Amino acid sequence: ACTGIENIDEAITLLEQNNWDLVAAINGVIPQENGILQSEYGGETLHGPAYGPTSHSTAASAPSSSSAFRHVVPSRQIVERQPRMLDFRVEYRDRNVDVVLEDSSAVGDIKHILENELQIPASKMLLKGWKTGDVDDSTVLKSLHLPKNNSLYVLTPDLPPPSSSHSGALQESLNQNFMLIVTHREVQREYNLNFSGSSTIQEVKRNVYDLTSIPVRHQLWEGWPSSATDDSMTLAVSGLTFPCHRLTVGRRSSPVQTREQSEEQCTDVHMVSDSDGDDFEDATEFGVDDGEMFGVASSALRKSPMMPENAENEGDALLQFTAEFSSRYGDCHPVYFIGSLEAAFQEAFYGKARDRKLLAIYLHHDESVLTNVFCSQMLCAESIVSYLSQNFITWAWDMTKEANRARFLTMCTRHFGSVVAQTIRTQKTDQFPLFLIIMGKRSSNEVLNVIQGNTTVDELMMRLMAAMEIFSAQQQEDIKDEDEREARENVKREQDEAYRISLEADRAKREAQEREMAEQFRLEQIRKEQEEEREAIRLSLEQSLPPEPKEESTESVSKLRIRTPSGEFFERRFLASSKLQVVFDFVASKGYPWEEYKLLGTFPRRDVTQLDPNKSLLEVKLYPQETLFLEAKE
């Protein structure tokens with residue numbers, strides 16, 4: 001109605017940016033000269049602080065309709081415009097500083113805040129990152145028309161850079177992981193928590209709040225180093241012992257704050273607080289718990305919850321449940337399964353048939369008048385505890401908190417169906433606690449019994465035993481079916497193994513045959529290549545031989561007759577001046593290389609292949625004719 005914005009997402013974004021302050025959101029959108037808002041009811045002027053976080057009664061009385069504000073003419077009373085807050089994240093080297101200022105402040109005010117945080121003179125800073133270009137210290141932020149969230153960075157060209165060794169050591173510390181061993185004083189329980197060096201002390205305290213349900217403002221710590229004076233400080237620079245440091249946390253006996261403590265928490269209005277609104281979920285209007293109004297500590301009037309509300313991890317929730325149950329009712333109690341409900345099903349129903357058990361689900365409710373009697377006199381009775389441990393997997397859940405109740409009903413619907421969930425939903429508080437007996441039946445889970453808190457030890461035992469009789473009969477059938485199935489599977493496995501061995505033998509035989517054939521083929525190829533090579537050499541030698549001289553040649557001619565190992569003869573004429581190598585080439589061209597055969601003379605018997613092949617036939621006395629025979633070399 002005031003801004004003309006019809007996009008609901010854009011409207012919600014604007015409200016979030018202004019911490020859901022309606023007047024501030026509207027004045028931030030409407031140009032300053034038109035930012036005139038007035039209530040339609042009684043014509044009273046609406047001041048911005050009336051909608052601040054400290055005036056809940058006034059804010060609650062304001063009408064919620066979007067027509068509660070409208071444009072008015074200048075003659076009406078003018079609303080005092082609430083200062084617009086701007087968020088700045090300023091980066092300097094390896095640090096980020098968050099600054100919150102009114103838009104009526106100047107740029108120099110940011111430098112003065114950074115001067116205290118970074119320990120750097122304001123005159124040495126160059127503040128960069130403005131979207132409108134460089135600005136001077138006197139520039140008013142409002143004149144820059146900045147969005148709510150801004151990012152800037154600081155340059156210090158006149159200052160020397162930090163030593164590389166210090167920067168490297170700091171970076172290494174930020175990358176290290178610290179093991180914090182936190183002892184919860186009231187329940188005497190230790191938590192081993194891993195945090196990176198870049199985590200802040202505030203983040204540690206928030207995580208401890210999730211584990212112990214002690215709000216950050218009520219946490220009383222021991223063991224922090226003296227240098228850890230600010231919750232926004234990172235663990236790397238807080239002085240913690242690396243890699244392991246011990247801390248102790250407890251609840252403050254009185255949450256009342258002194259005036260000095262309140263003022264100390266509000267001294268720096270410019271720095272963003274790391275505390276969220278959830279740190280004040282149970283703060284009273286005057287900062288005093290109900291118990292202390294009567295002179296009694298609140299811890300004495302209020303029991304610790306059995307289970308944290310909205311616990312993300314069911315295993316952690318069950319750990320707290322077990323610890324709180326032991327502290328209230330002693331150590332003699334059922335052994336509760338630590339883990340999710342699905343894991344409890346897996347443990348109880350999906351093992352071998354002989355190892356399966358019933359699942360007992362204990363639903364606790366702190367507001368029931370039967371709870372203490374049921375837990376202390378029945379659930380913690382030795383006979384019940386022994387019988388449950390032998391025959392049941394026991395899982396527990398706390399139905400006191402509405403969020404935990406809704407979560408269990410969702411799980412119940414998913415695993416047991418809507419009928420069982422509706423049965424539990426309709427149970428009144430005074431009918432709690434409940435004990436559900438669950439039996440796994442093949443593809444479904446059956447609820448055998450729902451035991452209410454108004455029972456006796458004998459009746460509880462009888463109902464547990466009755467459930468066991470039903471389960472035992474079903475278990476025997478399951479064991480029989482499982483044995484038969486395993487016998488069939490064993491036969492099938494043996495057949496499959498015999499078939500596999502047969503296939504392996506056939507495969508091995510086939511591979512051996514293939515290897516033998518491949519080897520024969522390889523040898524045949526080698527033989528063929530060798531024959532082709534010898535034939536090529538023979539042809540080459542045959543072509544390189546000098547022509548055979550004619551009988552009527554005028555030159556001296558030597559006639560040689562050569563006998564082969566097979567008894568055949570071949571003859572040829574050579575010039576007496578020809579070298580002995582020519583005779584060797586001739587013999588080789590006939591398929592008898594001189595490397596494999598030796599040429600022998602008759603009278604006298606001599607090995608011609610041992611003679612100098614460069615000598616002429618005349619010199620080796622193979623002239624005018626000679627009979628030679630070939631003999632294979634050994």
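From a predicted model like this one, the values you see are computed outputs, not experimental measurements.

Colleague: Explanation requested: unusual backbone geometry in the structure shown.
Modeller: Residues apart from glycine generally show negative phi values, whereas peptide bonds are mostly found in trans. With omega at -5°, the peptide bond leading from phenylalanine 432 into proline 433 counts as cis. Take proline 433: it is sitting in the loop between α15 (418-425) and β13 (434-441). A cis amide bond, omega 0°, links tyrosine 623 with the succeeding residue proline 624. Inspection of the secondary structure assignment puts proline 624 in the loop between β18 (606-607) and β19 (625-632). The phi dihedral of asparagine 19 falls on the positive side, at around 55°, and the residue is not glycine. Relative to the assigned elements, asparagine 19 resides in the loop between α1 (8-17) and α2 (22-29). With phi around 60°, glutamine 119 is a residue other than glycine that occupies positive phi space. Examined against the element boundaries, glutamine 119 turns out to sit in the loop between α4 (107-118) and β5 (126-128). Look at glutamine 119 and you get exposed, because its relative accessible area is 66%.

Colleague: Hey, could you run me through the sheet that holds strand β10 (residues 244-251) in this one?
Modeller: Note on sheets: strands pair through backbone hydrogen bonds, and any given pair is parallel or antiparallel. On the basis of which strands lie adjacent, the open sheet formed by four strands has the order β8-β7-β10-β9 and mixed pairing. Among the strands making up the open sheet, the edge pair consists of β8 (189-196) and β9 (219-222). On average, each strand axis in the sheet is inclined to that of its neighbour by 30°, with strand direction left out of account. Across the sheet, helix α6 (residues 201-212) touches β7 (177-184), β8, β9 and β10, and the angle it forms with β8 is around 145°.

Colleague: It is not clear to me how the pattern of salt bridges should be interpreted in this structure. Could you clarify?
Modeller: Pairing between side chains of opposite charge can happen when the charged atoms of each approach one another. Inspection of every chain in the model, using the stated rule, returns 29 salt bridges. The partner of arginine 414 in a salt bridge is glutamate 342, and the shortest N-O contact between them spans 2.9 Å. One end of the pair, arginine 414, is in helix α14 (residues 402-416); the other, glutamate 342, is in helix α11 (residues 341-349), with 72 residues separating them in the sequence. Of the residues examined, glutamate 342 reaches a relative accessible area of 31% and is grouped as partly exposed.

Colleague: Can you walk me through the packing of helix α13 (residues 382-391) against helix α16 (residues 457-544) in this structure?
Modeller: Describing two packed helices takes the angle between their axes plus the distance from one axis to the other. Packing of α13 against α16 leaves a shortest axis separation of 10 Å and a crossing angle of 15°. Between α13 and α16, the interaxial angle falls into the category roughly parallel. In this structure, α13 crosses over α16, and the sense of that crossing is left-handed. When α13 is examined against α16, the residues Ser383, Ile384, Tyr387, Leu388 and Asn391 are found in contact with a partner set consisting of Val457, Leu460, Met461, Leu464, Met465 and Met468.

Colleague: In this structure, what is going on with the pairing of β19? I would like to understand it.
Modeller: Side-chain direction in a regular strand flips from residue to residue, so the side chains alternate between the two faces of the sheet. Relative to β19, strand β15 (residues 557-563) is paired through five bridges, and the arrangement is parallel. From the neighbouring strand, isoleucine 562 faces β19, where its bridge partner is leucine 628. Strand direction decides the pairing type here: strand β17 (residues 597-601) and β19, joined by five bridges, are antiparallel. Bridge assignment links glycine 601 to a residue of β19, and that residue is leucine 628.

Colleague: Hey, could you run me through the sheet that holds strand β14 (residues 444-451) in this one?
Modeller: Strand order in the open sheet made by the four strands is β12-β11-β13-β14, with mixed pairing throughout. Taken across any chain shown, the strands that pair with only one partner, and hence form the sheet edges, are β12 (392-398) and β14. Across the sheet, the axes of successive neighbouring strands diverge by a mean angle of 25°, strand direction being ignored. Alignment of strand β11 (residues 358-364) against β13, held across five bridges, turns out to be antiparallel. Paired with tyrosine 362 across the two strands is phenylalanine 435, which belongs to β13. Against the sheet, α16 engages β11, β12, β13 and β14, with an angle of about 5° to β13.

Colleague: Any chance you could explain the nonpolar core here in plain terms?
Modeller: One broad trend across soluble globular proteins is that nonpolar side chains are buried collectively. One finds Leu359 and Trp395 to be the most contacted residues of the largest nonpolar core, which totals 58 residues. Once residues within four sequence positions are removed from consideration, leucine 359 is found in contact with Leu341, Ala344, Phe345, Ala348, Phe349, Phe392, Ile393, Trp395, Leu436, Ile437 and Ile438. Formed by 21 residues, the second largest nonpolar core is a distinct cluster that contains Val90, Leu118, Trp130 and Leu141.

Colleague: What am I meant to see in the packing of aromatic side chains here?
Modeller: The description of an aromatic ring pair rests on the distance of the ring centres and on the angle between the ring planes. Applying the stated criterion to the full structure yields 20 aromatic pairs. Taking 5.5 Å as the distance between ring centres and 70° as the angle between the ring planes, the aromatic pair formed by phenylalanine 570 and phenylalanine 586 counts as edge-to-face. Of this pair, phenylalanine 570 sits in strand β16 (residues 569-575) while phenylalanine 586 sits in helix α17 (residues 580-589); the two residues are 16 residues apart in sequence, bridging distant segments of the chain. One exposure class covers both phenylalanine 570 and phenylalanine 586, and it is buried. Among the aromatic side chains, those forming a connected cluster through ring pairs are Phe321, Phe325, Tyr329, Tyr336, Tyr362, Phe374 and Phe435. Of note, arginine 561 hangs over the ring of phenylalanine 569, and the distance from its end group to the ring centre comes to 3.9 Å. Of note, arginine 572 hangs over the ring of phenylalanine 574, and the distance from its end group to the ring centre comes to 4.9 Å.

Colleague: Just to check I follow, could you spell out the side chain of glutamate 482 for this structure?
Modeller: Checked against the element boundaries, glutamate 482 lands in helix α16. The residues contacting glutamate 482, other than those within four sequence positions of it, are Lys352, Ala353, Arg354 and Arg356.

Colleague: Looking at this structure, I do not really get a nonpolar patch on the surface. What am I missing?
Modeller: Judged by side-chain polarity, Ile8, Ile12 and Trp20 come together as a nonpolar surface patch covering roughly 330 Å² of accessible area. With respect to the helices and strands, isoleucine 8 occurs in helix α1. Note on isoleucine 8: relative accessible area 57%, which makes it exposed.

Cut-offs used in this document
Residues numbered from 1 in each chain as written. Predicted model: local features only at pLDDT ≥ 70, side-chain atom pairs only at ≥ 80, totals over all residues. Heavy atoms only, no water. Helix = DSSP H or I, 4+ residues; strand = E, 2+ residues; numbered from the N terminus. Buried < 20%, exposed > 50% of the residue type's maximum accessible area, 1.4 Å probe, protein only. Pairing = 2+ DSSP bridges. Axes fitted to C-alpha atoms, helices over the stretch in contact; angles between N-to-C directions. Contact = heavy atoms within 4.5 Å. Salt bridge = Lys/Arg side-chain N within 4 Å of Asp/Glu carboxyl O. Parallel < 35°, antiparallel > 145°, perpendicular 65-115°, else oblique. Left-handed = near helix turned anticlockwise from the far one by under 90°. Core = buried A, V, L, I, M, F, W, Y, C linked by side-chain atoms within 4.5 Å. Phe/Tyr/Trp six-rings, centres within 6.5 Å; stacked < 30°, edge-to-face > 60°. Lys NZ or Arg CZ within 6 Å of the ring centre and 35° of its normal. Patch = residues over 30% accessible without salt bridge, like charges linked within 9 Å, V, L, I, M, F, W, Y side chains within 5 Å. Areas by Shrake-Rupley, 256 points an atom, 1.4 Å probe, with all protein chains shown as cover.

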